[in-house]
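Observations on chain architecture
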Amino acid sequence: MSNLLIKNARILDGDAADILIRNGAIAKIAPGIAAPDVATEDAGGSIAIPGLVDAHTHLDKSLLGWPWYKNDVGGASLTAMIENERNMKTRLGLDPHVQSMRHALKSVAFGATLIRSHVDIDTEGRLRALEGVLETAERLADVVEIETVAFPQSGLMIREGTVELMDQALAMGADLVGGLDPCGVDRDPKGHLDAIFGLAEKHGKGIDIHLHERGELGMFSMEMILDRAEALGMKGLVTISHAFCLGMPDHLRVEAMLARLAALDVRIMTTAPTSSPAPMVKQLDAHGIKIGAGNDGIQDTWGPYGNGDMLERAKFVGLRNNLRMDVEVKRALDICTGGGAEAMAKPRRALEVGAPGDLVLVDGETVVQAVVTHAPRRLVVKGGHVTARDGRTLVGAP
Ligand SMILES: [Zn+2]
């Protein structure tokens, strides 16, 4: 935790002011702060926004640093993509620590200060991916906060031994229990959900489950998730990632489900996908449901897209949700900053006294202009530490 004085920043779209960070938290925001004992950075009138938050990614999967991957699998079959990835990881001998360092630092260069990473747990890679990502989290503790989810990417019930590995992963330090399409992948929703909720109960940890299942099938799985969250008193401890089924056209059905999600304080993580139905921000906001956003995997065997930039992701959230007014685009940014942190049950990243000293200086005319142009990042600060300058991290990637 560090001290830093930033001079002459525009606070979001407000007036120019100085920001004093002491012991890792914002201590004062005012014009003309004098703190001669503290290192100083001149913002030069650039815009200060809260630290960016990637609330859903996969640090162990990226092929960053490798020759460009030629994708011959496509997106028609989830099972084919899962098999292909597991085979490629083995064939290339990917080092999850090296890959997660490359990915995390790329995100930091764009302004990330907090990341939730799902990490593959399966009977081939076993716990290696988690070991690698936990090593990265430790090495980068002053640079970016990394939270891990033990994620049964290859299925839980269909691969014997995976539940036991998930149990070990949680004992090793994974922060949350992951899950994946209980019907679509495992074909055993009761078995899958009983297993992950059992692990959550045993280890006293929350759940973040990938739910790609669309339409009525997804709603069926979601009901089973909520039944267990309710029975186990897990209000505020369950997150559903993607939740494509909430983008189904049956308005009354979706509204009833949103009311139930809100009552159980279930959080929704979205990538604002362009190729799938998706939960809609305004509809979720009307129910007060906490929303985070993420880049998901970037440049991996699943697809060539993504670069780790959560400011760019804020633009995608805006585009996907038809957010046009300034106040709406700012909400898209909030989902990628403070709102995302709240959805992760972390302290809200905000430019206010008492908030974590995490912020990004961006060039731009206004906040909205910075979002739509994903403007250059001049400086990234985490807990009062400068972590990146002019798009380059201070810690080098392997
Ligand atoms: Zn994912």
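Residues numbered from 1 in each chain as written. Predicted model: local features only at pLDDT ≥ 70, side-chain atom pairs only at ≥ 80, totals over all residues. Heavy atoms only, no water.

1. What about the coordination of the zinc ion?
Around the zinc ion, the protein supplies H56 (NE2), H58 (NE2), H210 (NE2) and D296 (OD) as donor atoms, at distances of 2.1 to 2.4 Å. Around the zinc ion sit four donor atoms, and with donor-metal-donor angles ranging over 85 to 175° the site reads as irregular. Judged by its relative accessible area of 1%, H56 is buried. (Donors = N, O, S within 2.8 Å, 3.2 Å for Na, K, Ca; no water. Tetrahedral: all angles 85-135°; square planar, octahedral: opposite > 155°, others 65-115°. Buried < 20%, exposed > 50% of the residue type's maximum accessible area, 1.4 Å probe, protein only.)

2. Describing helix α9 (residues 310-320)
Of the residues making up α9, those classed as buried are M310, L311, E312, R313, A314, V317 and G318. Two or three places before L311, at the opening of α9, D309 has a side-chain oxygen 2.8 Å from that residue's backbone nitrogen. N322 occupies a position one or two residues after α9 and carries a positive phi of about 55°. (Helix = DSSP H or I, 4+ residues; strand = E, 2+ residues; numbered from the N terminus. Polar contact = N/O pair within 3.5 Å; in protein donor to acceptor, adjacent residues only side chain to side chain.)

3. A look at the environment of H212
On the secondary structure map, H212 appears in the loop between β10 (206-210) and α6 (215-231). For the pair H212 and A174, spaced 38 residues apart in sequence, the C-alpha separation works out to 23 Å.

4. A word on the sheet that holds strand β12 (residues 267-270)
By way of backbone hydrogen bonds, the strands of a sheet pair with one another, either parallel or antiparallel. Strand order in this open sheet of eight strands is β6-β7-β8-β9-β10-β11-β12-β13, and the pairing throughout is parallel. The sheet is open, and its two edges are formed by β6 (52-57) and β13 (291-293), each paired on a single side. Put simply, the sheet's adjacent strands are angled 25° from each other on average, direction ignored. Across the face of the sheet, helix α3 (residues 128-139) comes into contact with β7 (112-120) and β8 (145-151) while running at roughly 170° to β8. (Pairing = 2+ DSSP bridges. Axes fitted to C-alpha atoms, helices over the stretch in contact; angles between N-to-C directions. Contact = heavy atoms within 4.5 Å.)

5. Quick look at the domain arrangement of the chain
Segmentation of the chain into domains returns domain 1 (4-49 + 356-393) and domain 2 (52-343). Between domain 1 and domain 2, the C-alpha centre-to-centre distance is 29 Å. At the boundary of domain 1 with domain 2, total buried surface from both sides reaches about 1800 Å², with 70% on carbon and sulfur atoms. Counting the surface domain 1 buries against domain 2, the share from its top three residues, V371, R377 and K382, is 31%. Where domain 1 touches domain 2, the interface holds two salt bridges. In this structure, R377 and D309 form a salt bridge, with 2.8 Å as the shortest nitrogen-oxygen distance. Across the domain 1-domain 2 interface, the total number found is five residue pairs in polar contact (both at pLDDT 80 or more). Of all elements in the fold, only β14 (359-362), α12 (367-372), β15 (377-382) and β16 (385-389) reach the threshold of two or more residues within the side of domain 1 that touches domain 2. (Domains from an automatic or database assignment. Buried area = accessible area lost by both parts, 1.4 Å probe. Salt bridge = Lys/Arg side-chain N within 4 Å of Asp/Glu carboxyl O.)

6. Re the environment of G308
Relative to the elements of secondary structure, G308 occurs in the loop between β13 and α9. When the C-alpha positions of G308 and L105 are compared, they lie 9.0 Å apart, and in sequence the two are 203 residues distant. Non-local contacts of G308, meaning those with residues more than four positions away in its chain, are made with S107, F110, N295 and I298.

7. Comments concerning the environment of A272
Here A272 is to be found in the loop between β12 and α8 (281-286). The buried category is assigned to A272, whose relative accessible area is 4%. Sequence separation of A272 and V317 is 45 residues, and the distance between their C-alpha atoms is 5.1 Å. If we skip the residues at most four places from it in the chain, A272 touches F316, V317 and R320.

8. Topic: the side chain of R377
Checked against the element boundaries, R377 lands in strand β15. Separated by 2.8 Å, the side chain of R377 and the backbone oxygen of F110 make a polar contact. There is a polar contact of 2.8 Å between the side chain of R377 and the side chain of D309. Ignoring any residue separated from it by four or fewer positions in sequence, one finds R377 in contact with L52, A109, F110, G111, D309, L311, V360, L361, V362, D390 and G391.

9. Considerations on the packing of helix α2 (residues 96-109) against α3
Running from N to C, α2 and α3 cross one another at 45°; their axes reach a closest spacing of 7 Å. If you check the angle between α2 and α3, you find them oblique. As for the relative orientation of α2 and α3, their crossing is right-handed in sense. Together, P96, H97, S100 and M101 of α2 and R128, A129, G132, V133, E135, T136 and R139 of α3 make up the contact between the two elements. For the contact of α2 with α3, the per-class residue count stands at four nonpolar, four polar and three charged. (Parallel < 35°, antiparallel > 145°, perpendicular 65-115°, else oblique. Left-handed = near helix turned anticlockwise from the far one by under 90°. Nonpolar A, V, L, I, M, F, W, Y, C, P; charged D, E, K, R; others polar.)

10. A closer look at the state of the cysteines
Summed over all chains, the structure comprises zero disulfides. Of all cysteine sulfurs, the one in C245 lies closest to C183, which takes part in no disulfide; the gap is 11 Å. Of the residues examined, C183 reaches a relative accessible area of 11% and is grouped as buried. Of the residues examined, C245 reaches a relative accessible area of 0% and is grouped as buried. (Disulfide = S-S within 2.5 Å.)

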